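Architecture and fold: a report
Spelled out from the first residue to the last, the chains are:
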Amino acid sequence: MTWIFTSDVEAYTGVAEPWLLRDPVRNTLLLTVLRAIRNGLWGDDPLLGRLERDGRVVATAIQTSPYALMLPAMPADTVPELATRLIETERAISGVSGPLSPAETFAASWWRPEASRRAERLYRLDALVPPKSHAAGASRVAVAADLRLLVRWSEEFQAEAKGVGDIDLTALVASRIARRELVVWEAGGRPVAFAGVSAPIGGMSRVGPVYTPPESRGKGYGTAVSHAASAKVRAEGATEVLLFTDLSNPTSNSIYQAIGYRPVSDYVSITFT
């Protein structure tokens, strides 16, 4: 039993995706990132890992430089060997992200100390509830003319979330516009907020990012566009609609619960020095 690493995306997908799809809710991040890699996004040198026992996959891991290593819901006892094997490969790992137990176990096993962490919570949509107060404006699906604005807003979102900086998001945003995965809220004839949605995988779709620029906050636009994005993917057949929240932001957590989201489990993103 040992961790196997590959850069062969299609071969990896054939063995890892069926295992991830056993729990598409808790494995939402890896499933959506794996699809993006197959579509030519998220870097040219992905690290795709899997652990097999008796010929069956029991754990996986994905990393695309310079982003953090991503872990699914997996047995914590499979994690220390993953850290050991990655140290042997001399792969640059800037951090780890995933469910609380495996992510913290990896951080404790890694050779570099923890620099910072962001506590997150995964939510699942129950019954979609209309916002209590109606925000001015209406939603629409983003179009090509929105590209520059949505790239800028995506960069601002990354900066606020303390994500990786200096990454050109143009190709990613353009591909999401082409797949009708970005929803814009317009008020007064101009965009004031946006939300992303992922096309369903195994019936699962995830909302995110959700961003309102500072000058437009406090007017209900974030709630409105989150509700519109959630309704869109439900109408398109998603049976599980998910999103992540930053636990340090009580406003966003209360907003999502008010429109019908319920907590599933806690996650953490840890960066290393």
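Residues numbered from 1 in each chain as written. Predicted model: local features only at pLDDT ≥ 70, side-chain atom pairs only at ≥ 80, totals over all residues. Heavy atoms only, no water.

1. With respect to the side chain of Thr212
The test is simple: By the criteria applied, helices consist of DSSP H or I runs no shorter than four residues and strands consist of E runs no shorter than two, each listed in order from the N terminus. For every residue, the accessible area obtained with a 1.4 Å probe (protein chains only) is divided by the maximum for its type, and the residue is called buried under 20%, exposed over 50%, and partly exposed between those limits. By definition, residues are in contact when any of their heavy atoms lie within 4.5 Å.
When you line up the elements, Thr212 lands in the loop between β10 (204-211) and α7 (221-235). Under the relative-accessibility criterion, Thr212 is labelled buried at 11%. Beyond its immediate sequence surroundings of up to four residues, Thr212 is in contact with Val192, Ala193, Arg217, Tyr221 and Gly222.

2. Notes on the packing of helix α1 (residues 9-20) against helix α2 (residues 28-38)
As a reminder of what qualifies: Axis lines are fitted to C-alpha atoms, over the contacting stretch for helices. Their N-to-C directions set the angle, which ranges from 0 to 180 degrees. Roughly parallel refers to an angle under 35 degrees, roughly antiparallel to one over 145, roughly perpendicular to one between 65 and 115, and oblique to any angle outside these ranges. By definition, any crossing whose near helix is turned counterclockwise from its far helix by less than a right angle is left-handed, and any crossing with a clockwise turn is right-handed. In this classification, the charged set is Asp, Glu, Lys and Arg, the nonpolar set is Ala, Val, Leu, Ile, Met, Phe, Trp, Tyr, Cys and Pro, and all remaining amino acids, among them Gly, are polar.
Direction vectors running N to C along α1 and α2 enclose 160°, while the axes themselves pass 11 Å from each other. What the angle tells us is that α1 and α2 run roughly antiparallel. The crossing of α1 and α2 is left-handed. Residues Val9, Glu10, Tyr12, Thr13, Glu17 and Leu20 of α1 pack against Leu30, Leu31, Leu34, Ile37 and Arg38 of α2. Residue composition of the contact of α1 with α2, grouped by class: seven nonpolar, one polar and three charged.

3. Let's talk about the nonpolar core
This is how the line gets drawn: Side-chain atoms within 4.5 Å are what join buried Ala, Val, Leu, Ile, Met, Phe, Trp, Tyr and Cys residues into a set we call a nonpolar core.
Counting 42 residues, the largest nonpolar core has Ile62, Leu69 and Phe106 as its most contacted members. When contributions to this core are tallied by element, the ones reaching two or more residues are α1, α2, β2 (47-53), β3 (56-63), β4 (69-70), α3 (79-89), α4 (100-109) and β12 (261-272). Core analysis: the second largest hydrophobic core is formed by 24 residues, Val183, Ala195, Val197 and Ala229 among them.

4. With respect to the side chain of Gln63
Here is the rule we go by: N or O atoms closer than or at 3.5 Å make up a polar contact, with two conditions inside protein: a donor-capable atom paired with an acceptor-capable one, and, for residues adjacent in sequence, both atoms drawn from side chains.
Residue position: Gln63 is located in strand β3. A polar atom in the side chain of Gln63 sits 2.6 Å from the side chain of Arg91. Here Ala92 takes part through its backbone oxygen, which lies 3.3 Å from a polar atom of the side chain of Gln63. Beyond its immediate sequence surroundings of up to four residues, Gln63 is in contact with Asp45, Pro46, Leu47, Ala68, Leu69, Arg91, Ala92 and Ile93.

5. A word on the environment of Ile62
Its place among the elements puts Ile62 in strand β3. As for Ile62 and Phe5, which are separated by 57 residues in sequence, their C-alpha atoms are 9.5 Å apart. Residues contacting Ile62, with those up to four places away along its chain left out, are Tyr12, Leu30, Val33, Leu34, Ile37, Leu47, Leu48, Ala68, Leu69 and Met70.

6. Quick word on α4
To keep things clear, this is the line we draw: Comment: arc refers to directions from the helix axis out to C-beta atoms.
Among the residues of α4, those classed as buried are Pro102, Ala103, Phe106 and Ala107. Looking down the long axis of α4, one finds its buried residues gathered within 135° of arc, a one-sided arrangement. Buried residues along α4 sit in contact with β4, α3, β5 (95-99) and β12.

7. Comments concerning the packing of helix α5 (residues 147-160) against helix α6 (residues 170-178)
What describes two packed helices is the angle between their axes and the distance between those same axes. Packing of α5 against α6 leaves a shortest axis separation of 9 Å and a crossing angle of 125°. Between α5 and α6, the angle falls in the class oblique. α5 and α6 meet at a crossing whose hand is right-handed. On α6, the residues touching Leu147, Leu150, Val151 and Ser154 of α5 are Thr170, Val173, Ala174 and Ile177. Counted by class, the contact of α5 with α6 contains six nonpolar, two polar and no charged residues.

8. Section: unusual backbone geometry
Look at the link from Ser65 to Pro66: it is a cis peptide, with omega at 0°. Cis geometry marks the peptide bond from Gly208 to Pro209; its omega dihedral reads -5°. Assignment of secondary structure puts Pro209 in strand β10. The residue Asp54 is not glycine, and still its phi comes out positive at about 55°. For Asp54, the position within the fold is in the loop between β2 and β3. Looking at Asp54, the relative accessible area reads 78%, which means it is exposed. The backbone phi angle of Arg180 is positive, close to 60°, even though this residue is not glycine. With respect to the helices and strands, Arg180 occurs in the loop between α6 and β8 (182-187).

9. Quick look at the pattern of salt bridges
Any two side chains of opposite charge can pair, on the condition that their charged atoms come close. To be explicit about the condition: Salt bridges are identified by distance alone: a Lys or Arg side-chain nitrogen within 4 Å of an Asp or Glu carboxyl oxygen.
Scanning the model with the defined rule gives 18 salt bridges in all. In this structure, Asp77 and Arg53 form a salt bridge, with 3.8 Å as the shortest nitrogen-oxygen distance. In this pair, Asp77 is assigned in the loop between β4 and α3 and Arg53 in strand β2, connecting sequence segments 24 residues apart. Among the charged side chains, a network of salt bridges with common partners joins Glu104, Glu114 and Arg117.

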